Structures are given as C-alpha cells and as structure tokens.
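Listed below, chain by chain, are the residues.
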Amino acid sequence: MAGEKVSTVTKKKRKKLSNIRNAEKKHLVNMSRKSRMKTFVSKLEKAISDKLPKDDILKAFSTVQKELMKGVSKRVIHKNTAARKISRMFHKVKFAISE
C-alpha cells in the first residue's frame, strides 16, 4: 500500500513538470504571435505616416485585421481587445485616406 502512494506522488510530480514544460512552450508561441501582430500594426502606422497611396494603406489595414483576428482565434488576445484595436486603426486609416 505504501508503494502505491509513492507511485501516485511521482506520477503527479511528473505531470506537474510536464505541465510546466508545456506552459513554457505555449508562452513562447504566444509571444511570437503577439510580436507578429505588433509588427503588422507598426507597418500600417508607417504606411499612414509615410502617406502611401490609398491602395497600399487599405491592403496594410486588411492584413492587420486578419492578423488580429487570427490572434483572437488562437486565444492570444481577447475578442474585444482586437475589436477595439481594429476600430482605432480604422479611424486612422479613414482620416489618412480622406486627406
């Protein structure tokens, strides 16, 4: 009976260590995804500040929108956060295109 307790303790310990390893892997992947989203946002902001043609700005906005929604589907950011960021970007794009 004492042997069974030891085995369950070691199983639990192994499972905890496995969970820690998996959490670290997910953390790295999520950081990479967040970085990718930020890169596309900064590319859009650069396109707006450089006053690129309307088509280029709209294309950049479209890719930002896709990347943010991909982040939502991968559960990296919350849906409302993505919606808020897209809304703010849209207003910037709208203003840039009208000029």
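Right above here is the structure, for reference.
Notes on the structure in this doc start here. (Residues numbered from 1 in each chain as written. Predicted model: local features only at pLDDT ≥ 70, side-chain atom pairs only at ≥ 80, totals over all residues. Heavy atoms only, no water.)

For helix α2 (residues 54–73), which comprises 20 residues, the first-to-last C-alpha distance of 29 Å matches the rise-based estimate of 28 Å (1.5 Å per residue) to within 8%. The set of residues buried in α2 consists of Ile-57, Ala-60, Phe-61, Val-64, Glu-67, Leu-68, Gly-71 and Val-72. The buried residues of α2 occupy one face: seen down the axis, they fall within an arc of 145°. Among the exposed residues of α2, those oriented more than 90 degrees off its buried face are Asp-55, Lys-59, Lys-66 and Ser-73. Just downstream of α2 lies Arg-75, where phi reads positive at about 65°. (Helix = DSSP H or I, 4+ residues; strand = E, 2+ residues; numbered from the N terminus. Expected span 1.5 Å × (residues − 1). Buried < 20%, exposed > 50% of the residue type's maximum accessible area, 1.4 Å probe, protein only. Arc of directions from axis to C-beta.)

Quick look at a positive patch on the surface now. A cluster of like positive charges, contributed by Lys-34, Lys-38, Arg-84, Lys-85 and Arg-88, occupies part of the molecular surface. At the level of elements, α1 (2–49) and α3 (79–98) are the ones that each hand at least two residues to the positive patch. Broken down by element, the positive patch gets its largest block of residues, 3 residues, from α3. Structurally, the position occupied by Arg-84 is in helix α3. (Patch = residues over 30% accessible without salt bridge, like charges linked within 9 Å, V, L, I, M, F, W, Y side chains within 5 Å. Areas by Shrake-Rupley, 256 points an atom, 1.4 Å probe, with all protein chains shown as cover. Salt bridge = Lys/Arg side-chain N within 4 Å of Asp/Glu carboxyl O. Lys, Arg positive; Asp, Glu negative; His and termini not counted. Charge placed at Lys NZ, Arg CZ, Asp CG, Glu CD.)

Next up on the list: the pattern of salt bridges. Under the counting rule described, the total for this entry stands at 3 salt bridges. Note that Glu-67 is salt-bridged to Arg-36, the shortest N-O span being 3.0 Å. With Glu-67 in helix α2 and Arg-36 in helix α1, this pair connects stretches of sequence that are 31 residues apart. Put simply, Lys-46 and Asp-50 hold a salt bridge, and the shortest N to O gap is 2.9 Å. By relative accessible area, which is 51% here, Lys-46 ends up exposed.

That's the geometry; what it means functionally is another story.
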